[in-house]
Number of protein chains: 6
Amino acid sequence: MAMKLLVANPNSTASMTESISRAARRVSRPDTQIVAVGSLSGPPSIQGFFDGAACLSGLLAQVERHNDVDGVVIACFDDTGLDAVRCMLEVPVVGIGESACHAASMLSNKFTVVTTLSRSVPVLEANLIKYGLASRCARIRATDIPVLKLEHKFPETTEIIRREIELSIREDQSDAIVLGCAGMTSLAEQLTNEFGLPVVDGLSCAVTFAEALVAANLRTSKIGGYGFPVAH
Amino acid sequence: MAMKLLVANPNSTASMTESISRAARRVSRPDTQIVAVGSLSGPPSIQGFFDGAACLSGLLAQVERHNDVDGVVIACFDDTGLDAVRCMLEVPVVGIGESACHAASMLSNKFTVVTTLSRSVPVLEANLIKYGLASRCARIRATDIPVLKLEHKFPETTEIIRREIELSIREDQSDAIVLGCAGMTSLAEQLTNEFGLPVVDGLSCAVTFAEALVAANLRTSKIGGYGFPVAH
Amino acid sequence: MAMKLLVANPNSTASMTESISRAARRVSRPDTQIVAVGSLSGPPSIQGFFDGAACLSGLLAQVERHNDVDGVVIACFDDTGLDAVRCMLEVPVVGIGESACHAASMLSNKFTVVTTLSRSVPVLEANLIKYGLASRCARIRATDIPVLKLEHKFPETTEIIRREIELSIREDQSDAIVLGCAGMTSLAEQLTNEFGLPVVDGLSCAVTFAEALVAANLRTSKIGGYGFPVAH
Amino acid sequence: MAMKLLVANPNSTASMTESISRAARRVSRPDTQIVAVGSLSGPPSIQGFFDGAACLSGLLAQVERHNDVDGVVIACFDDTGLDAVRCMLEVPVVGIGESACHAASMLSNKFTVVTTLSRSVPVLEANLIKYGLASRCARIRATDIPVLKLEHKFPETTEIIRREIELSIREDQSDAIVLGCAGMTSLAEQLTNEFGLPVVDGLSCAVTFAEALVAANLRTSKIGGYGFPVAH
Amino acid sequence: MAMKLLVANPNSTASMTESISRAARRVSRPDTQIVAVGSLSGPPSIQGFFDGAACLSGLLAQVERHNDVDGVVIACFDDTGLDAVRCMLEVPVVGIGESACHAASMLSNKFTVVTTLSRSVPVLEANLIKYGLASRCARIRATDIPVLKLEHKFPETTEIIRREIELSIREDQSDAIVLGCAGMTSLAEQLTNEFGLPVVDGLSCAVTFAEALVAANLRTSKIGGYGFPVAH
Amino acid sequence: MAMKLLVANPNSTASMTESISRAARRVSRPDTQIVAVGSLSGPPSIQGFFDGAACLSGLLAQVERHNDVDGVVIACFDDTGLDAVRCMLEVPVVGIGESACHAASMLSNKFTVVTTLSRSVPVLEANLIKYGLASRCARIRATDIPVLKLEHKFPETTEIIRREIELSIREDQSDAIVLGCAGMTSLAEQLTNEFGLPVVDGLSCAVTFAEALVAANLRTSKIGGYGFPVAH
């Protein structure tokens, strides 16, 4: 079932869009076409509520331009603009944050989210409560690594993430880890092997879940809050 | 205690900004200065998730321009951009939606929100869950009156709201009503008298609560999710 | 990515296993091999708590026999034995009930489950609370159609389901329907078209989600409650 | 808008009533008249469930005597007798506990309550759950300082509160502190400055919120649980 | 195991105390001594928040006088003063409201409470949330029969209760009924037989649960919120 | 009121059935007859989800054989098969896990469960959420003592439990302990005396609660999810 997926990175850092694109291709079906775009304007990374608002007009413009797709992935763990994008399209639209948490819920009893800055924690908490999955999440742990620093793959950043995973297992009694930033995607496999528990990368889940929803012939509801915007 | 409040209307309809300004002045302290502004761009009314995202850049620009104030009121019942605006300032920032619901919680046991279009219901539900007040709200009732139609004060729109208030009392066992749109402000007093229960207008609550927080010498927290945006 | 999925029907009715197998093949990837089995013993359909317990030994025996797979789907909307099966294997194990509800959560704001007998409602409610998704479900509606009667596709059974969908939209304000029985799979497409909202079939979601989890390289956690059974 | 507020201290310690009166005057509007009274009988401080019951008859008698006011503040952080007093009057009645928590919810993402004895913690937990605000409160921390010892402003009591604030920031990830006793009022400003986050005093919030509700023309609902007591 | 139970009626109506006493004796063990007392002062029935506060001093005085017992039952469905009485004693103290709801939770999937006046509904809702059992209660239905009218056993009052039970089964999908007033005790058996589902009387549950806790050698915790009142 | 109780041990270890029988007799009424049985097949102890499923057919067969009783106690803290057994009978059926938690809720403000292996924690968490009592439980603490090791009463196992009780008081602020395994029954009295707080043994509570429900003339609801299994 050939399909075309838009992977929309809400930030404007081209190198991150590029990594996201590569990672999406790695897990997608052979006949899925990945169209990766970054926000046309706005902040170079999404760190908290303000950035999440500041990137929206550039993000929505990109979705408008690429609306001939079979599904959309919002490639920021904050699921920035997810509800607004769902209003624009009939095809399935998934966020990498929600996808990771839905996936972890089907693989474990309780998960910990390991994210970047502590200022993002309330954003993620609000999302988890809205999705209904807050009761499945033992804790959201901030590493205080800025998003763009993750790109450089400094050994010390991985070390900090490792320490939080150890604490998640010992203190939170979690049996899965959700990596709370698109910039952590490349670490998932290695950390899974090291710790012997699911270390869930949202991008991989979002791409394969979008494919799953398309394959199951499902579409975004247009009769309620996700209906097309009405004329004023 | 003289103070200056910014009342920011997230939509771009000048007549609504004007009504909001008048209503704010009616309840504010004699020595409070009200600065009412509309969004610089974006939709003429905020009806659902998409409009809430589309108005943000124009709204944030207005706040940026008027940041020499003692407090801010976001004058849309969806509390559009509330978290982002809190990141921009140290002074108190309140939404009319949250204010009405906090007020109703101190005046009644359970309230019903009577709002405009049903497409806004999920927006309000997500807010109530985030604020923690969902358990105080018996139900959110849509009248399916478009926001801008409220301006005209057609008798039939008031009649529809009346009918929903009756249902709120009889079916939801609510003992207060929250009017779920800035455009309904002028109806609060009349409906309170007619039905003999608190009919809460968010704008009045938001203006007087912003004054209350300023008078109590309180400011928005800058150490967590509402910290000033960080450089990237 | 060729894979083999076990689709385990907890009831012992061969014709239902056969329909389930066909439906699974319809949505699965071209190179996915579907192995469909029914419970070796136990009741011909799962209608409530007792049947859910009575089928378990026959179900677990079948999983034990077919444990050389890449993923497992439990093909009863009650997600019968889901936790126990997860303890037996490292590969992903998903239930059709949970899958449908996770999917509906990514396509709509609020869904109604339309199921068979009212005696199953508390089983589903307990599951939704455990999954964390109860807040996304407006209501579980029983049609009081016995499971095995669904097989015959009597026009009147479809009519009853139709009526419940109408009530879900009007009274529950739901913008998606989840079909709460594996026997309703064949109705999803038709009802989606008729009502213009997502009518979610759990089997399709479970098969494509199991494929998605395998493609994303994810496995069931073995360090917590889903660890392999310990020797006594 | 000239108004008269009854500030009712549920305990019978005159010096506390006096401090409460002074603190109320400090934040109230210039034309607000503060009438501060203590309970006519009952315990010298409210420490837990028993004291909360034992002071009620003396407290309700005082409210009965001073019912010619525009609003009432219950000046104990346990919000002692709040529901009963609401039944007696049509004017707004607010507790200092609820007011502080509503205020903190509009200034921060998550707050910690720092209170006196650990025996009061379940009282406050029950209140927060009833108000709906439990999800906004990260933790209630007891200092084990008796209420009346706070009056003396011993340096060591401030030191203990300081230590709990540090723990609230570091361990609870809270971005606001709520001071959980009327006797801590005088510390709010100093601790706010020291720690650079909102340290919320309930008395200030309650006085200014009562004024806000009066200014917004709102009254306690009389049609539900807060209706005037019925004849038997 | 001979024991003495105090059954404390928070209202001051002697005939109700007498009925309560008789009903308690009917279900208690042969060697249990029932000491039934009414409040020394306060309202003739407890109808809402105000009465619940007004009866407390008379109720606590009675408990003080009869503290040489092995267990206490608070015989008002509002569980009036329950927390305060627990602070006074080491023996088990149970309310008839909580007992009925705990019992119904062990006999059914979901129960409806059928109570007297609608002004009592918020009292009961707050209790259920505090006990943690709100999720087990489908709805609280008011019959608007005043408490004291129940005494007369007018056929029309039973008819009203019957109608609410029918609605509980049909609309709330409840499979048990909790009678929400001590004055309804005598109806439980008859209505159970008529409707073929558990119609739970709190007084019977409270007496036998108090006996059960005593027989299991359990006592009220004295190390937390139920510790003996501290000197001031 | 002479009655016969079936105490069904879901595991197949005869010595545990024997201890359970003795403990049940110790707290039961003089004229109650205790019939204690173990599962006919299945694992020697119930440690987690898989064992809980594997023991069911042997457990249900035993209940079928002994259905001429006045009440049933499921004697495993996981309340294994509780819902299924309720479908088989009209008499009250209680689990030792639920009974302990209902009892602790009437004796304390917040309890900690101290159980055996950490793999059982998610089983107990799911139960607590289903019962509605999760909000009353501060934490579930695993000692990592295997069930069968408890039989030997090694001093070091008691020491480990003691340490967890200390942590429950200090860190969880719990004022009651629930012993999370039938094998810990014999420790309850000693630990209660040592720590001066209720240390609740589920078996004692379940036996006396089953007696209480029988004495109060209550039966399992047969009109909803606990109705007798229907023919297929």
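Residues numbered from 1 in each chain as written. Chains lettered and ligands numbered in written order. Predicted model: local features only at pLDDT ≥ 70, side-chain atom pairs only at ≥ 80, totals over all residues. Heavy atoms only, no water.

(A) Main features of the overall build of chain A. The helix and strand tally for chain A stands at 10 helices and eight strands. What you see for chain A is a C-alpha radius of gyration of 17 Å, in line with the 17 Å of a compact globule of 232 residues. Overall size of chain A, expressed as C-alpha extent along the three principal axes, is 50 × 35 × 35 Å. Across the 232 residues of chain A, 69% fall into the buried class. Relative to all contacts within chain A whose residues are 6 or more apart in sequence, the contacts with residues 24 or more apart total 70%. When the accessible surface of chain A is split by element, carbon and sulfur atoms take 50% of a total near 7,200 Å². Taken as two groups, the 20 positive and 25 negative side-chain charges of chain A have centres that lie 1 Å from each other. (Helix = DSSP H or I, 4+ residues; strand = E, 2+ residues; numbered from the N terminus. Rg over C-alpha atoms; globule rule 2.2 N^0.38 Å. Buried < 20%, exposed > 50% of the residue type's maximum accessible area, 1.4 Å probe, protein only. Contact = heavy atoms within 4.5 Å. Areas by Shrake-Rupley, 256 points an atom, 1.4 Å probe, with all protein chains shown as cover. Lys, Arg positive; Asp, Glu negative; His and termini not counted. Charge placed at Lys NZ, Arg CZ, Asp CG, Glu CD.)

(B) A look at helix 5 (residues 96–105) of chain E. Among the 10 residues that make up helix 5 of chain E, 10 are buried, leaving the element largely enclosed by the rest of the structure. For helix 5 of chain E, every residue scored as buried is listed here: I96(E), G97(E), E98(E), S99(E), A100(E), C101(E), H102(E), A103(E), A104(E) and S105(E).

(C) The side chain of R136(C), seen in detail. Mapped onto the elements, R136(C) comes out in the loop between helix 6 (121–131) and strand 6 (137–142). Despite its burial, R136(C) remains without a salt bridge, the nearest opposite charge being carried by E98(A) at 6.0 Å. A distance of 3.2 Å separates a polar atom in the side chain of R136(C) from the backbone oxygen of S105(C). Side-chain polar atoms of R136(C) contact the backbone oxygen of S108(C), separated by 3.0 Å. In this view, R136(C) contacts K130(A), Y131(A), S105(C), S108(C), N109(C), K110(C) and F111(C); residues no more than four positions away in its chain are not counted. (Salt bridge = Lys/Arg side-chain N within 4 Å of Asp/Glu carboxyl O. Polar contact = N/O pair within 3.5 Å; in protein donor to acceptor, adjacent residues only side chain to side chain.)

(D) Structural context of the relation of the copies chain B and chain D. Taken as rigid bodies, chain B and chain D are interconverted by a rotation of 180° and an axial shift of 0.0 Å, the fit giving an RMSD of 0.0 Å. The transformation relating the two chain copies, once decomposed into turn and shift, fits a two-fold axis. Every residue of chain B has its C-alpha some distance from the rotation axis, and the shortest such distance is that of G132(B), at 2.7 Å. An overlap of 100% is found between the interface residues of chain B and their copies at the interface of chain D, pointing to a shared contact surface. (Least-squares fit on C-alpha atoms with pLDDT ≥ 70 in both.)

(E) Looking closely at the pattern of salt bridges. All names here are of chain F. Scanning the model with the defined rule gives 68 salt bridges over all chains in all. A salt bridge links D83 to K130; the nearest nitrogen and oxygen atoms lie 2.9 Å apart. Here D83, found in helix 4 (residues 82–88), pairs with K130, found in helix 6 (residues 121–131); they are 47 residues apart in sequence, far enough to count as distant. One salt bridge connects E194 with R162, and the closest N-O pair in it is separated by 2.7 Å. Within this pair, whereas E194 is found in helix 9 (residues 188–195), its partner R162 is found in helix 8 (residues 155–170), the two being separated by 32 residues in sequence. Judged by its relative accessible area of 39%, E194 falls in the partly exposed class.

(F) Spatial organisation of the confidence of the model for chain A. Of all residues in chain A, 100% have pLDDT values of 70 or greater, and the mean over the chain is 96. Taken together, the chains of this predicted complex give a pTM of 0.97 and an interface ipTM of 0.97. (pLDDT = per-residue confidence, 0-100.)

(G) Broad picture of the interface of chain B and chain D. In this complex, chain B contributes 48 residues to the contact, which on the side of chain D involves 48 residues. The largest contributions to the chain B side of the interface with chain D come from M106(B), L107(B) and I223(B), which together make up 20% of the buried area. Counting the contacts that link chain B with chain D gives two salt bridges. Here E211(B) and R29(D) are joined by a salt bridge, their closest N and O atoms 3.7 Å apart. Between chain B and chain D we count 11 residue pairs in polar contact (both at pLDDT 80 or more) in total. Every element with two or more residues in the side of chain B that touches chain D is listed here: strand 4 (93–95), helix 5 (96–105), helix 6 (121–131), strand 8 (199–201) and helix 10 (202–215) of chain B. (Buried area = accessible area lost by both parts, 1.4 Å probe.)

(H) Molecular detail of the sheet that holds strand 7 (residues 176–180) of chain D. Residue and element names in this part refer to chain D. The strand order across the open sheet built from four strands is 6-5-7-8, with neighbouring strands paired in parallel fashion. The outermost strands of the open sheet, each flanked by one partner alone, are strand 6 (137–142) and strand 8 (199–201). Within this sheet the neighbouring strands show an average axis-to-axis angle of 25°, counted without direction. Relative to strand 8, strand 7 runs parallel, the two being bridged by three bridges. Along strand 8, the bridge assignment pairs V178 with V200. The sheet strands contacting helix 6 (residues 121–131) are strand 5 (111–115) and strand 6, and the helix crosses strand 6 at an angle near 160°. (Pairing = 2+ DSSP bridges. Axes fitted to C-alpha atoms, helices over the stretch in contact; angles between N-to-C directions.)

(I) Structural context of the pairing of strand 3 (residues 71–74) of chain E. Residue and element names in this part refer to chain E. Across the two faces of strand 3 the burial is the same, with G71 and V73 and V72 and I74 all buried. As paired strands, strand 1 (residues 3–9) and strand 3 are joined by four bridges and run parallel to one another. Considered in strand 3, the bridge of A8 is made with I74. Sheet analysis places strand 3 next to strand 4 (residues 93–95), joined by three bridges and oriented parallel. Note on strand 4: the bridge partner recorded for V72 is V93. Handedness of the strand 3-helix 4 (residues 82–88)-strand 4 crossover: right-handed. (Right-handed = clockwise from strand over helix to strand, strands pointing away.)

(J) The arrangement of the environment of L203(F) in detail. Residue and element names in this part refer to chain F. Inspection of the secondary structure puts L203 in helix 10 (residues 202–215). Looking at L203, the relative accessible area reads 1%, which means it is buried. Once the C-alpha coordinates of L203 and I46 are considered, the two residues, 157 residues apart in sequence, prove to be 16 Å apart.

(K) Highlighting the environment of L187(A). Residue and element names in this part refer to chain A. Along the chain, L187 falls in the loop between strand 7 (176–180) and helix 9 (188–195). When the C-alpha positions of L187 and D201 are compared, they lie 8.4 Å apart, and in sequence the two are 14 residues distant. Excluding anything up to four places from it in sequence, L187 contacts T158, I161 and L179.

(L) Region of interest: the sheet that holds strand 8 (residues 199–201) of chain A. Residues and elements named next belong to chain A. Strand order in the open sheet formed by four strands is 6-5-7-8, with parallel pairing between adjacent strands. Either end of the sheet is taken by a strand with one partner, and the two such strands are strand 6 (137–142) and strand 8. Neighbour to neighbour, the strand axes of the sheet diverge by 25° on average, direction disregarded. Bridge count between strand 5 (residues 111–115) and strand 7: five bridges; the pairing is parallel. Bridge assignment links V113 to a residue of strand 7, and that residue is V178.

(M) Quick look at the interface of chain A and chain C. At the interface, 48 residues of chain A touch 48 residues of chain C. Interface of chain A and chain C: buried area, both sides summed, is about 3,500 Å²; carbon and sulfur atoms make up 63% of it. Of all residues in chain A, the largest losses of buried area upon contact with chain C belong to M106(A), L107(A) and I223(A), amounting jointly to 20% of the total for that side. On inspection of chain A and its partner chain C, the count reaches two salt bridges. Across the chain A-chain C interface, the total number found is 11 residue pairs in polar contact (both at pLDDT 80 or more). Listing elements by their share of the side of chain A that touches chain C, those giving two or more residues are strand 4 (93–95), helix 5 (96–105), helix 6 (121–131), strand 8 and helix 10 (202–215) of chain A.

(N) Examining the arrangement of the chains more closely. Across the gap from chain C to chain D, with no contact made, the nearest C-alpha atoms are 15 Å apart. Chain A shows no contact with chain E. Their nearest C-alpha atoms sit 15 Å apart.

(O) Fine view of the packing of aromatic side chains. All told, the structure shown has nine aromatic pairs over all chains when counted by the stated rule. Each ring, one from F209(A) and one from F209(C), has its centre 4.6 Å from the other, and the planes form 20°; the classification is stacked. Taken as a pair, F209(A) in helix 10 and F209(C) in helix 10 (residues 202–215) lie in two separate chains rather than in one. Of note, K222(D) hangs over the ring of F228(D), and the distance from its end group to the ring centre comes to 4.0 Å. (Phe/Tyr/Trp six-rings, centres within 6.5 Å; stacked < 30°, edge-to-face > 60°. Lys NZ or Arg CZ within 6 Å of the ring centre and 35° of its normal.)

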